[in-house]
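# Coordinate analysis (summary)
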Amino acid sequence: MQLGSVFIWKNFPFRKEGKEKDRYFVYFGESHYPDNPIKVFLITTTSRIYHYEEEGARKSHNYCRFKPGSFGFVEESILDVDFYYDIDKEVFEKYKEDIEEKGKLPESILKNIYYLILQSKNISIKVKQDIHHNYNLEGITGLKKPKRK
């Protein structure tokens, strides 16, 4: 899987609330710390657009909106960087059969999302540094490095 791959995870088992259901994700690479288990970085999307409208509870979140039919999304979808997951690579790979790639985000959108990730208060500096490294590995260079605040 490449940085920016859009995929559906059927019956996603790690929901914080509610029952298992299919979820769309975007892949942001892996961790590079040799002393920890390798993590896979994912951000999920939602089709509950009303949360991001003028009166919505998430209108101030950092997000990117996708039209139906773009990059593999079947419905209008929002990628909200606050819905970030890091999952052990070993666990992620156990679910390979439930994961189907649907598309890939272009570099211009990946750059926009990167700057949203930098602004996130939910993603640690270590993870932001790894994601920066993953962008460089993908040939997307010249991006601002994450710094401690």
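Above this text is the structure in question.
Quick caveat: nothing in here was measured; it's all calculated off a predicted structure.

Cut-offs and rules
Residues numbered from 1 in each chain as written. Predicted model: local features only at pLDDT ≥ 70, side-chain atom pairs only at ≥ 80, totals over all residues. Heavy atoms only, no water. Salt bridge = Lys/Arg side-chain N within 4 Å of Asp/Glu carboxyl O. Helix = DSSP H or I, 4+ residues; strand = E, 2+ residues; numbered from the N terminus. Buried < 20%, exposed > 50% of the residue type's maximum accessible area, 1.4 Å probe, protein only. 1 Å grid on protein atoms, 1.4 Å probe; cavity = no way out; pocket = protein on both sides within 12 Å on 5 of 7 lines; lining within 4 Å. Points joined across faces, edges and corners; volume = space filled by probe spheres on them. Nonpolar A, V, L, I, M, F, W, Y, C, P; charged D, E, K, R; others polar. Contact = heavy atoms within 4.5 Å. Polar contact = N/O pair within 3.5 Å; in protein donor to acceptor, adjacent residues only side chain to side chain. Pairing = 2+ DSSP bridges. Axes fitted to C-alpha atoms, helices over the stretch in contact; angles between N-to-C directions.

## Things to note about the pattern of salt bridges
- Under the defined criterion, the tally for this structure stands at eight salt bridges.
- A salt bridge links lysine 89 to glutamate 30; the shortest N-O distance between them is 3.1 Å. With lysine 89 in helix H1 (residues 89-94) and glutamate 30 in strand S2 (residues 21-30), this residue pair connects regions lying 59 residues apart in the sequence.
- With a relative accessible area of 23%, lysine 89 lands in the partly exposed category.
- Between lysine 104 and glutamate 138 there is a salt bridge, and its shortest N-O distance comes to 3.9 Å. On the criterion of sequence distance, the pair formed by lysine 104 in strand S6 (residues 99-104) and glutamate 138 in the segment after helix H3 (125-137) is long-range, its members being 34 residues apart.

## Observations regarding the layout of surface pockets
- The space that makes up the largest pocket amounts to roughly 610 Å³.
- Considering the residues around the largest pocket, the lining is formed by 21 residues, among which Arg15, Lys21, Arg23, Thr45 and Thr46 are closest to the centre.
- Of all the secondary structure elements, the ones that give two or more residues to the lining of the largest pocket are S2, strand S3 (39-46) and strand S5 (77-88).
- In the lining of the largest pocket, the residues fall into five nonpolar, six polar and ten charged.

## What about the environment of arginine 23?
- Summarising the element assignment, arginine 23 is placed in strand S2.
- Measuring from C-alpha to C-alpha, the distance between arginine 23 and proline 13 comes to 9.8 Å, with ten residues separating the pair along the chain.
- Beyond its immediate chain neighbours, meaning those up to four positions away, arginine 23 contacts Phe7, Ile8, Trp9, Phe12, Thr44, Thr45 and Thr46.
- A polar contact is formed between the side chain of arginine 23 and the side chain of threonine 44, at a distance of 3.1 Å.

## Regarding the sheet that holds strand S1 (residues 5-12)
- Pairing is antiparallel in the open sheet, where six strands are placed in the order S4-S5-S3-S2-S1-S6. Each edge of the open sheet is held by one strand with a lone partner, namely strand S4 (63-66) and S6. Sheet twist, expressed as the mean angle between neighbouring strand axes with direction ignored, is 40 degrees.
- The strands that helix H2 (residues 107-119) touches are S2, S3, S4, S5 and S6; relative to S4, the one it contacts most, it runs at about 150 degrees.
- Along the sheet face, H3 touches S2, S3 and S5 and points at about 75 degrees away from the line of S2.

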